[in-house]
Amino acid sequence: MSLSLIILYRPQQKSTGCSFSDFLDEFTSLIDIAFMNPKPLIVVGDFNVHVDDPNDASAKAFMNLLSSSGLQQHVTGATQKRGHTLDLIITREAGPPVIGNLSIIDGISDHSAVLGKVHLHRPPTQTKVVKSRNISAIEIPSFCEDVKSTLDSNHNIDGDLCIEVEGFNNVLAEVLDKHAPMKERTVKLRPQSPWFDEKIREGKQLRRQLEKKWRKSGLLIDRQAYCQQKQTVIRDIRLAKSHYFNDLFIEHAKDQRQIFHLTNKLLNQRKNSSFPRCESQQGLAQLFCEFFTGKIKKIREEFGMADDFYLRQQDTPAAFRFPGFDEVSEQEVLQILSKSPGKCCDLDPVPASLMKKCATAVVPAMTSIINNSLKLGEVPPVLKVAKICPVLKKANLDSNVMSNFRPVSNLCFLSKTLERVVSSSSQHSYKKTAYMMISIRLIVLTTVWRLLYLEFRMISVKL
């Protein structure tokens, strides 16, 4: 069971310049908004209204407003040292009682503390079943040795590219299951506080002990010790948060994406991951699949019409034809792996960060797959499979309109490595061809200038 809690403070009229009638108007608007929620309502705070004085005009107007709005004020004793009731607890009159057993005790300031028991059932603890692997416990040398020996023993002799890729993925998955098997465990969902350490825990325990001691004795010296420890705990929490987030910003200083993520986390700004309304996640995935498939089909049809146009324009033979890709060495693939980011995809048999750590063991098999793909001029179907995530094109667009989403595909690590190899080879071939064409043009221009120079000399001799 949940409730709506409103904490309110009304400063004195001298400090704000607002009249009491303005406060009543604003409080009425606030209550009207709160009544739209059917949950139990509790309004607490320092109202600076002497509701204990029956002759006070402001108190009469305020109590009449509560009565006409169906609200009830529960505090009856003095909550301030001057003997007035300023701190109030207000609930609805109708319905079962929400709060009871009120008592007033001396507080730290000139106001007393109002204690009460809220009649709410504690919600059951939320749990979640998670599957995880203890990747950090893997011994990298042993893992690399098992990967290398298993890949060497399962080498594909037939040369089938699809079988080679599937065998590579299966070997990595089997070795990972051996060193870090998947385990299921039930965890309680609690708010995460990674900055919370043992020093803060001990400080909070000492603060509770000093508070109990002061409540029992009522001595001024015990109260001062409690207040001092309370400020110490607040200071320790602020320092722990500051150091934690400062270290994170320093660690990810060169990663703009992580910097923005941390900034949004500090500002409590979360992305709105709203999608079109659907009865189930499977149905929503099917809707996006049909929409994106139809969109791609339409684009291909438009390309088909363009291809018919360009085929009619191919009377003139091309000046240059791409001869093909050169084979890459293991050293080149290793260099590309070292520069690749450690981003992971759900389709990867092992995390990308782990694959980079055992690069020397997987590079020979990856090089063989990449060279066979370049030689055949095709990409295996298993490397064309991607995880699609629909993302709104702009944050202010309607999430119920399918055309406002664009698909973001996440390929496996091997497929992205193949893309990087092709991109590097294409740039190298383009530069090589460009240099060759420039050299040919320079030779032709030099020859022409020499012929023109010889012809000019012959004409000069004849004259």
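Above this text you will find the structure in question.
Cut-offs and rules
- Throughout, residues of each chain are indexed from 1 in the direction in which the sequence is written.
- It should be noted that, the model being predicted, local features are given only for residues of pLDDT at least 70 and side-chain atom pairs only at 80 or more, the latter also being counted only at that level, while totals for whole chains, interfaces and linings use all residues.
- Excluding hydrogens and water, the side-chain values take into account all heavy atoms of the structure.
- Secondary structure is summarised from DSSP: a helix means a run of H or I of at least four residues, a strand means a run of E of at least two, and numbering begins at the N terminus for each.
- The cut-offs for exposure are 20% and 50% of the maximum accessible area for each residue type, with area from a 1.4 Å probe on protein chains only; residues under the lower value are buried, those over the upper are exposed, and the others partly exposed.
- Throughout, a residue-residue contact means that at least one pair of heavy atoms, one from each residue, lies within 4.5 Å.
- Only the protein chains shown count as cover for residues, and all accessible areas are computed by the Shrake-Rupley method using a 1.4 Å probe.
- In this analysis the probe radius is 1.4 Å and the grid spacing 1 Å, with only protein atoms considered; a cavity is a set of points the probe fits into but cannot get out of, a pocket is an open set with protein on both sides within 12 Å along at least five of seven lines, and lining residues have an atom within 4 Å of a point.
- Grid points are joined across faces, edges and corners, and a volume is the space filled by probe spheres set on the points.
- Only Asp, Glu, Lys and Arg are considered charged in this grouping, and only Ala, Val, Leu, Ile, Met, Phe, Trp, Tyr, Cys and Pro are considered nonpolar; every other residue, Gly among them, is considered polar.
- Any two of the Phe, Tyr and Trp rings considered here, Trp counted by its six-membered ring, make a pair once their centres fall within 6.5 Å; the pair's planes then place it as stacked at under 30 degrees, edge-to-face at over 60, or tilted in between.
- Throughout this description, the term salt bridge denotes a Lys or Arg side-chain nitrogen within 4 Å of a carboxyl oxygen of Asp or Glu.
- At least two bridges found by DSSP between two strands are what make those strands a pair.
- Axis lines are fitted to C-alpha atoms, over the contacting stretch for helices. Their N-to-C directions set the angle, which ranges from 0 to 180 degrees.
- Left-handed is the label given to a crossing in which the near helix is rotated counterclockwise from the far helix by less than a right angle, and right-handed is the label when the rotation is clockwise.
- We define the nonpolar core as a collection of buried residues of types Ala, Val, Leu, Ile, Met, Phe, Trp, Tyr and Cys that are connected through side-chain atoms lying within 4.5 Å of one another.
- The span you would expect from a helix comes to 1.5 Å times its residue count less one.
- The reported bend at a residue is simply the angle between two axes, fitted to the 7 residues ending at it and to the 7 residues beginning with it.

Caption draft 1: Geometry of the overall build of the protein chain. Counting its secondary structure elements, the protein chain contains 13 helices and 10 strands. Within the protein chain, the proportion of its 463 residues that are buried is 27%. For the protein chain, long-range pairs separated by at least 24 residues make up 67% of all intrachain contacts whose partners lie at least 6 apart in sequence. Of the accessible surface of the protein chain, which amounts to about 33000 Å², a share of 55% is contributed by carbon and sulfur atoms.

Caption draft 2: Structural context of the layout of surface pockets. Counted as a void, the second largest pocket has a volume near 390 Å³. Taken together, 17 residues form the lining of the second largest pocket, with R10, Q12, N48, H50 and L86 sitting closest to its centre. Of the residues that constitute the lining of the second largest pocket, the class distribution is four nonpolar, eight polar and five charged.

Caption draft 3: Quick look at the packing of aromatic side chains. Tallied over the full model, the rule gives 15 aromatic pairs. The interplanar angle of 80 degrees and the centroid separation of 6.0 Å between the aromatic rings of F27 and F47 together place this pair among those described as edge-to-face. Of this pair, F27 sits in helix α2 (residues 20-34) while F47 sits in the loop between β2 (41-46) and α3 (57-68), and the two are 20 residues apart along the sequence. We note that F27, like F47, is buried. Judged by centre distance (5.1 Å) and plane angle (75 degrees), the rings of Y244 and F245 are edge-to-face. Taking the relative accessible area as the measure of exposure, Y244 reaches 23% and is therefore partly exposed. Within the aromatic cluster, the residues linked to one another by ring pairs are F20, F23, F27, F47 and F62.

Caption draft 4: Structural context of the pattern of salt bridges. One pass over the structure, following the stated rule, counts seven salt bridges. For K387, the salt bridge goes to D346, with nearest N and O atoms at 2.4 Å. Separated by 41 residues along the polypeptide, K387 in strand β9 (residues 387-392) and D346 in the loop between α10 (330-339) and α11 (352-357) bring together distant segments of the chain.

Caption draft 5: Representation of the sheet that holds strand β1 (residues 4-9) in the model. With mixed pairing, four strands are arranged side by side in an open sheet as β1-β2-β4-β3. Two strands lie at the open edges of the sheet, namely β1 and β3 (71-73), each paired on one side alone. Strand after strand, the sheet turns through a mean of 20 degrees between neighbouring axes, direction not considered. In this sheet, strand β4 (residues 87-92) lies alongside β3 in antiparallel orientation, the contact comprising three bridges. Looking across to β4, one finds that L71 is bridged to R92. Relative to the sheet, α2 contacts β1, β2, β3 and β4, its axis offset from that of β1 by approximately 170 degrees.

Caption draft 6: A look at the packing of α10 against helix α12 (residues 359-376). Their axes nearest at 9 Å, the elements α10 and α12 cross at an angle of 115 degrees. Where α10 crosses over α12, the handedness of that crossing is right-handed. Taken together, the residues of α12 that come into contact with α10 (itself represented by E330, V333, L334 and L337) are A359, V363, P364, M366, T367 and I370. Split by residue class, the contact of α10 with α12 holds eight nonpolar, one polar and one charged.

Caption draft 7: Representation of the nonpolar core within the structure. Core analysis: the largest hydrophobic core is formed by 37 residues, its most contacted members being F143, V147, F168, V362 and L414. Those elements that place two or more of their residues in this core are α4 (140-153), α5 (161-179), α10, α11, α12 and α13 (413-462). Here the element with the most residues in this core is α12; it accounts for nine residues. In contact with V147, other than residues within four places in its own chain, are V171, L172, V175, A361 and V362.

Caption draft 8: How the structure looks around the environment of V114. Looking at where V114 falls in the secondary structure, it is placed in strand β6 (residues 113-118). The exposure class assigned to V114 is partly exposed, which follows from its relative accessible area of 24%. Aside from chain neighbours lying at most four places away, what touches V114 is V75, T79, I89, S103 and I104.

Caption draft 9: Fine view of α12. Between its first and last C-alpha atoms α12 spans 25 Å; for 18 residues at 1.5 Å apiece the expected length is 26 Å, and the two agree. Residue A365 marks the point of greatest curvature in α12, where the axis turns by about 25 degrees. A359, A361, V362, V363, A365, M366, T367, I369, I370, N371, S373 and L374 are the residues of α12 that are buried. Positive phi appears at G377, one or two residues downstream of α12, with a value of about 70 degrees.

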